[in-house]
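# Architecture at a glance
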Amino acid sequence: MNKIFTALVLCLSISLANAQTKPLTQPFGKVDAADLESKSCDFEKDANAEILFDKAEIYYDANLDLGMERHKRIKIYNTNGKDNANIRIEYYSGNHVEYITGLQAQTINLVNGKPEITKLDKKLVFTERIDKMRSALVFSMPNVKEGSIIEYKYIWNTNSLSNFPDWYFQDKLPTRYSELTTSIPDFLYFKQKANIVQPLIVNTRKDEGRSMGTGTNMVPYTLERNTRGMANVPSLTDEPYMTATTDNLQSIIYQLTSIRPTMGIIKSFSDTWAKVGGILADDEDFGLQLKRKLTGEEAIIAKAKALKTDDQKIQYIFGEVKNTMKWDGVDRWYTNDGTSKAWEKKTGNSAEVNLILYHLLKQAGVKAYPMVVSTREHGKVVPYYTFLYQFNRAVVYIPIDSTRNYVLDATNKYNIYNELPDNLLNSDALYIDKEKKQYDMVYLERKDPVRQIVIVRGEVKPDGKMNGTAQISSFGYNRIHTLSRYKTDGEQKYTDYLRENNNNLKVTSLKFDNMEIDTLPLTQNINFNLDLTSSDDNYIYFVPNIFSSLRTNPFLSENRRTDIEFGYRNSYSIIGTYTLPANYKIDALPKSATMTMPDGSITFKRYVATENGTLMVRYVIDHKSTLYPKDSYPDFREFYKKMYEMLNEQVVLKKS
């Protein structure tokens, strides 16, 4: 252990030394010759581009409006890195809450040993309106080629005292140096959420005495100036079964909670979830939409009221909204056009679709509540950090009893009314009960495992072929994903997926059962032929693991930078019964075995038996956890390596 620790310290020392041999930041337009000549990132050699530095200073002006001056410089190493020259700066433009000024951008190339600067033509900067609340500045850097350095700077402004911007030290590109400077008056109290793994090579604080007001109203205060810098920050690339990128990036996030009373300013910040819920309840684009009448709603409500149970009402209305409304692919907790207009157009963002669903359920007498959530792609909600922007979607919450509740999301045509959507799992959500002024957080999770059962019956022929049938039963989320893939891809592409693009495996027929019945497992009945191509005149080889979708191990990388989160527990059963040819005997056979992760979180079992010319193989995989920390990745990777070796172990038959 001491040797490992010493090695880590040595590597870190070398890394920090290298980071400081070049200027950490430079003024706009001044470029180090070594950067123009460099061919690769010092600490991530295969990177297509590198952020040389990303520097920001956040401050309050005399009116206590927030500003951020940001300067970013990127080195393009090859053709694959040129996409990083397409810049997009998003901001909240609604009610002029945020705006961008002072944009400057340029490309610097090394030409005949000297830097050549090409400035961005301001006419080529476009403002894209995303929706009524959000916009983006969009531009492409000029004259970009292999070896170019691009840089841009701008001032971000907001008239909101509490709208403090988040800062990410890490990016999908490697970052040589990232620096944040904050200048905050000491009468503003902030909560901080820091995700910092690497040491800060710069971490300074300087206090300055200041005063505001005039004459006898002069109030002294201290301006706290903090600078934090991080060097040689590795890129964060997508990894199998990682959570949202923003969950994993090294960052510092501020939330203003209160103001010292002596400043004479009213404290009115969303420092509790009750306050956030109250804001939502009164918001024109959320709470005030809930009672908006929908054209022709009477027929739906009347039919729902005629049904006997709440479950029947919920299932009916959920189906009506799913089939009537088309989600436009935009995720927001707030409406854009409003529910009435979205209903007329039959299309809307996620808030519009699901607030329509809430309205119809409420009118039909179902005890339902609007709820705001964060999708897996958007990131987990941190319950102690009470910011509304942690949410990106509105859904419907229906408490059933003390142990059960429904969370309905009609944006996905294949969602099931009594199955919590899997892209909302393992995060907190906020439901709104305006009548009782109750606004509570609910943790969304699914504790029971989701099953997938594959039953294969095959007959091995003496000529090295196999004919057979397979039945795949998919429950819960596995049902939803299978149905979605089949309906989206079409039968031919879906069949290729079933075969795992194995040209030796041919699906001769495919039939689905229970496709339209949400409450039953989706069953696929398959007839197939398989050429056992490794066979010869004396031996036949085959792998019993067919149609399981568990042939390729997704965890091959030696290192892991993020936690593994499956979202929910999966339980697989693969059962194979194979009739063997009469003139062959078993030469090599996988053995029955059981394997368990050191912490007991995954169990793999293989049962193998033969009787009267029949081979029976059963694989059982049980995940007892949904989350596997990156620190445990070596054990996890080794387990998966052995498990896939056992799943793909061959049976060898020899001619008698």
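What you see is a predicted model; the values in this text were computed from it and never measured. (Residues numbered from 1 in each chain as written. Predicted model: local features only at pLDDT ≥ 70, side-chain atom pairs only at ≥ 80, totals over all residues. Heavy atoms only, no water.)

Attention now moves to the layout of surface pockets. The volume enclosed by the second largest pocket comes to roughly 1200 Å³. Lining the second largest pocket are 45 residues, and of these Tyr241, Asn478, His481, Tyr497 and Tyr568 sit closest to its centre. Listing elements by their share of the lining of the second largest pocket, those giving two or more residues are helix H9 (476–489), helix H10 (491–499), strand S28 (570–579), strand S32 (614–623) and helix H11 (633–647). For the lining of the second largest pocket, the element with the most residues is H9, which contributes 7 residues. (1 Å grid on protein atoms, 1.4 Å probe; cavity = no way out; pocket = protein on both sides within 12 Å on 5 of 7 lines; lining within 4 Å. Points joined across faces, edges and corners; volume = space filled by probe spheres on them. Helix = DSSP H or I, 4+ residues; strand = E, 2+ residues; numbered from the N terminus.)

As a further point, take empty space enclosed by the protein. As enumerated under the stated definition, the model contains 2 cavities of 30 Å³ or more in all. Of the pockets and cavities examined, the largest cavity occupies roughly 90 Å³. Around the largest cavity sit 15 residues that line it, and Arg376, Lys380, Leu425, Asn426 and Glu565 are the ones nearest its centre. Per-class residue counts for the lining of the largest cavity are 2 nonpolar, 8 polar and 5 charged. (Nonpolar A, V, L, I, M, F, W, Y, C, P; charged D, E, K, R; others polar.)

If charged atoms from side chains of opposite charge come close, those side chains can pair. The full count for this structure, using the stated rule, is 33 salt bridges. With its nearest N and O atoms 2.8 Å apart, the salt bridge here joins Arg210 to Glu208. According to the relative accessible area criterion, Arg210 is partly exposed, its value standing at 39%. Asp282 serves as the salt-bridge partner of Lys434, at 3.3 Å between the closest nitrogen and oxygen. Remark: Asp282 occurs in the loop between helix H4 (273–281) and helix H5 (297–305) and Lys434 occurs in the loop between strand S20 (427–433) and strand S21 (438–444); sequence separation between them is 152 residues. Taking the relative accessible area as the measure of exposure, Asp282 reaches 52% and is therefore exposed. One connected set of salt bridges, linked through shared partners, spans Arg88, Glu90, Glu128 and Arg134. (Salt bridge = Lys/Arg side-chain N within 4 Å of Asp/Glu carboxyl O. Buried < 20%, exposed > 50% of the residue type's maximum accessible area, 1.4 Å probe, protein only.)

So, on to the environment of Arg134. Secondary-structure assignment places Arg134 in strand S7 (residues 134–140). Sequence separation between Arg134 and Lys630 is 496 residues, and the spatial gap between their C-alpha atoms is 35 Å. Apart from the residues within four sequence positions on either side, Arg134 is in contact with Glu90, Tyr91, Tyr92, Ser93, Arg129, Arg332 and Tyr334. Only 2.5 Å separates the side chain of Arg134 from the side chain of Glu90, close enough to count as a polar contact. (Contact = heavy atoms within 4.5 Å. Polar contact = N/O pair within 3.5 Å; in protein donor to acceptor, adjacent residues only side chain to side chain.)

Residues Phe542, Phe547 and Phe636 are the most contacted members of the largest nonpolar core, which totals 53 residues. The element that contributes the greatest number of residues to this core is H11, accounting for 8 residues. When neighbours within four sequence positions are excluded, Phe547 is seen to be in contact with Val454, Ala470, Ile472, Leu498, Leu505, Val507, Ile526 and Phe528. (Core = buried A, V, L, I, M, F, W, Y, C linked by side-chain atoms within 4.5 Å.)

The subject of this paragraph is the sheet that holds strand S9 (residues 167–168). The antiparallel open sheet is built from 3 strands, whose spatial order is S9-S14-S11. Edge strands, defined here as strands with exactly one partner in the open sheet, are S9 and strand S11 (188–195). Taken together, the 2 bridges between S9 and strand S14 (residues 251–259) define a ladder with antiparallel strand orientation. From the neighbouring strand, Trp167 faces S14, where its bridge partner is Ile252. (Pairing = 2+ DSSP bridges.)

Okay, the packing of H5 against helix H8 (residues 350–363) next. The geometry of H5 relative to H8 is characterised by a closest axis approach of 9 Å and an angle of 55° between their N-to-C directions. Considered as vectors, H5 and H8 are oriented oblique to each other. When the axes of H5 and H8 are compared, the crossing they make is right-handed. Contact residues: Glu297, Ile301 and Lys305 in H5; His359, Leu360 and Gln363 in H8. (Axes fitted to C-alpha atoms, helices over the stretch in contact; angles between N-to-C directions. Parallel < 35°, antiparallel > 145°, perpendicular 65-115°, else oblique. Left-handed = near helix turned anticlockwise from the far one by under 90°.)

Read across the sheet, 3 strands follow the order S26-S34-S29 without closing on themselves; strand pairing throughout is antiparallel. Here the strands that pair on one side only, and so sit at the sheet edges, are strand S26 (539–542) and strand S29 (584–588). On average, adjacent strands in this sheet sit at an angle of 30° to one another, irrespective of strand direction. Looking at chain direction, S29 and strand S34 (residues 651–655) are connected through 4 bridges and run antiparallel. Paired with Tyr584 across the bridge in S34 is Lys655.

Here Glu98 shows up in strand S4 (residues 98–111). For the buried Glu98, which has no salt bridge, the nearest side chain bearing the opposite charge is Arg134, at an N-O separation of 7.9 Å. Among the polar contacts listed, one links the side chain of Glu98 to the side chain of Trp156, at a separation of 3.2 Å. Each residue touching Glu98, except ones within four places of it in the same chain, is listed here: Tyr91, Tyr92, Ser93, Trp156, Asn157, Thr158 and Asn163. (Lys, Arg positive; Asp, Glu negative; His and termini not counted.)

So, on to the confidence of the model for the protein chain. The predicted model of the protein chain averages 93 in pLDDT, with 95% of residues at 70 or higher. Counted against residues more than four places away or in other chains, residues 1–20, with its pLDDT under 50, gives 7 contacts. (pLDDT = per-residue confidence, 0-100.)

Quick look at the packing of aromatic side chains now. For the coordinates displayed, the defined rule picks out 35 aromatic pairs. Plain terms: the ring middles of Tyr486 and Phe512 are 4.5 Å apart, the flat faces sit at 45° to each other, and that makes the pair tilted. Taken together, the residues span a long stretch of sequence, with Tyr486 in helix H9 and Phe512 in strand S24 (residues 505–513) at a distance of 26 residues. The exposure class assigned to Tyr486 is buried, which follows from its relative accessible area of 16%. (Phe/Tyr/Trp six-rings, centres within 6.5 Å; stacked < 30°, edge-to-face > 60°.)

On to H8. Along an α-helix, a turn takes 3.6 residues, which lines up residues three or four apart on a common side. The end-to-end C-alpha distance of H8 is 20 Å, a good match for the 20 Å that 14 residues give at a rise of 1.5 Å each. Buried residues dominate H8, accounting for 12 of its 14 residues. Along H8, the positions that sit buried rather than exposed are Ser350, Ala351, Glu352, Val353, Asn354, Leu355, Ile356, Leu357, Tyr358, His359, Leu360 and Leu361. Sitting at the head of H8, Asn349 places a side-chain oxygen 3.1 Å from the backbone nitrogen of Ala351. In the segment just after H8, Gly365 is the residue with positive phi, at about 95°. (Expected span 1.5 Å × (residues − 1).)

Before going further, it helps to examine the pairing of S7. S7 sits mainly inside the fold: 5 of its 7 residues count as buried. Note that strand S3 (residues 86–92) and S7 share 7 bridges and pair antiparallel. Residue pairing for S7: Ile89 is matched across the bridge by Leu137. For strand S6 (residues 126–129) and S7, the ladder comprises 4 bridges, and the chain directions are antiparallel. For Thr127, the partnering residue across the bridge sits in S7 and is Leu137. The loop that links S6 with its antiparallel partner S7 comprises 4 residues.

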